[in-house]
Amino acid sequence: MKAQALADHLAENPIDDEYQPLRTYFPDKEVNSVEAISEDTHAWKMFFDGSVNAKGVGIGAILISPTGQHYPATARLCFFCTNNTTEYEACIMGINMAIDQNIEEFLIMGDSNLIIRQSQRECETRDVKLIPYKKHVEDLNKRFKSIEFRYIPRCHNELADALATLASMLLYPDNAHIDPLEIQIRESHGYCNTIKAAPNTQPWYHDIKKFLKTQEYPEQAGGDQKRTIRRHASGFFF
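Attention in this report is confined to the structure presented alongside it. (Residues numbered from 1 in each chain as written. Predicted model: local features only at pLDDT ≥ 70, side-chain atom pairs only at ≥ 80, totals over all residues. Heavy atoms only, no water.)

## Let's talk about helix H2 (residues 83-100)
Across its 18 residues, H2 extends 26 Å between first and last C-alpha, which sits within 8% of the 26 Å expected from 1.5 Å per residue. With 16 of its 18 residues buried, H2 lies for the most part within the structure. Positive phi appears at Asn102, one or two residues downstream of H2, with a value of about 55°. (Helix = DSSP H or I, 4+ residues; strand = E, 2+ residues; numbered from the N terminus. Expected span 1.5 Å × (residues − 1). Buried < 20%, exposed > 50% of the residue type's maximum accessible area, 1.4 Å probe, protein only.)

## Things to note about the nonpolar core
Ranked by internal contacts, the top residues of the largest apolar core, which has 32 residues, are Met46, Phe48, Leu63, Ile95, Phe106 and Ile108. Counting only elements with at least two residues in this core, the list comes to strand S1 (44-53), strand S2 (56-64), strand S3 (70-77), H2, strand S4 (105-110), helix H3 (113-119) and helix H4 (131-141). For this core, the element with the highest residue contribution is H2, accounting for 9 residues. Counting 8 residues, the second largest nonpolar core, distinct from the first, contains Ile64, Met109, Ile152 and Ala160. (Core = buried A, V, L, I, M, F, W, Y, C linked by side-chain atoms within 4.5 Å.)

## A closer look at the pairing of S1
Of all 10 residues in S1, 7 are buried; the element is thus mostly enclosed. As judged from the 9 bridges shared by S1 and S2, these two strands associate in the antiparallel manner. Note on S2: the bridge partner recorded for Phe47 is Ile62. Counted between consecutive antiparallel strands, the loop separating S1 from S2 contains 2 residues. (Pairing = 2+ DSSP bridges.)

## Considering the packing of aromatic side chains
In this structure the tally under the stated criterion is 6 aromatic pairs. Ring geometry for Trp204 against Tyr205: centres 5.6 Å apart, planes inclined by 90°, an arrangement best described as edge-to-face. Linked through ring pairs, Trp204, Tyr205 and Phe236 together constitute an aromatic cluster. (Phe/Tyr/Trp six-rings, centres within 6.5 Å; stacked < 30°, edge-to-face > 60°.)

## As for the sheet that holds S1
If you walk across this open sheet you meet the 5 strands as S3-S2-S1-S4-S5, and the pairing is mixed. In this open sheet, the two strands that pair with only one neighbour each are S3 and strand S5 (146-151). In this sheet, neighbouring strand axes are inclined to one another by 20° on average, regardless of whether the strands run parallel or antiparallel. As paired strands, S4 and S5 are joined by 6 bridges and run parallel to one another. Residue Phe106 lies in a different strand from S5, and its bridge partner there is Ile147. (Axes fitted to C-alpha atoms, helices over the stretch in contact; angles between N-to-C directions.)

And the structure:
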């Protein structure tokens, strides 16, 4: 457990005359194993996470379609946030992405036990900072045909955590443009893809340019050459 998360929790739950012990976080102390739960292949999934550090505050969310397509999103927050409000911001960003995609069946997963349990209506909050967040999430949930919140360990939420951390640490002016993050898969060393132009022939980019225009390969191109052309074409545009 992060020390800052524990400090935020204690600050948000002060002891007073109406204090009652919280009994929602560890309902069964004897549990020492976790079994995998089958997931509905027809439902979209969303992972979310927030990051608060000395550099700043960032949030990340990833939508995953039933066919496995990933749609990541990150944002840097320029206002004060605790760990819990940051998690809510990330969750709301992901839910709004799903609403824009007209998703009906939705599975939301995160490593914030507090946020997940509040969204499942298994526990309440008296923290004035979290009450409007909880209410807003409940209102957004009505936009879906079916929606489920599920807690996952932090080790299963690494991609969302990486996006949130990246957003929190990138310092850039407001007028700067950052292209969407694209992760390529390369199966060979960089020096293996060197293309040399032979004299009195077409320029080295001829096949790439033709593929971008017509989606056609050279007549004698084999499987390896076609893959090389596709890989190079992904880095060019007209």
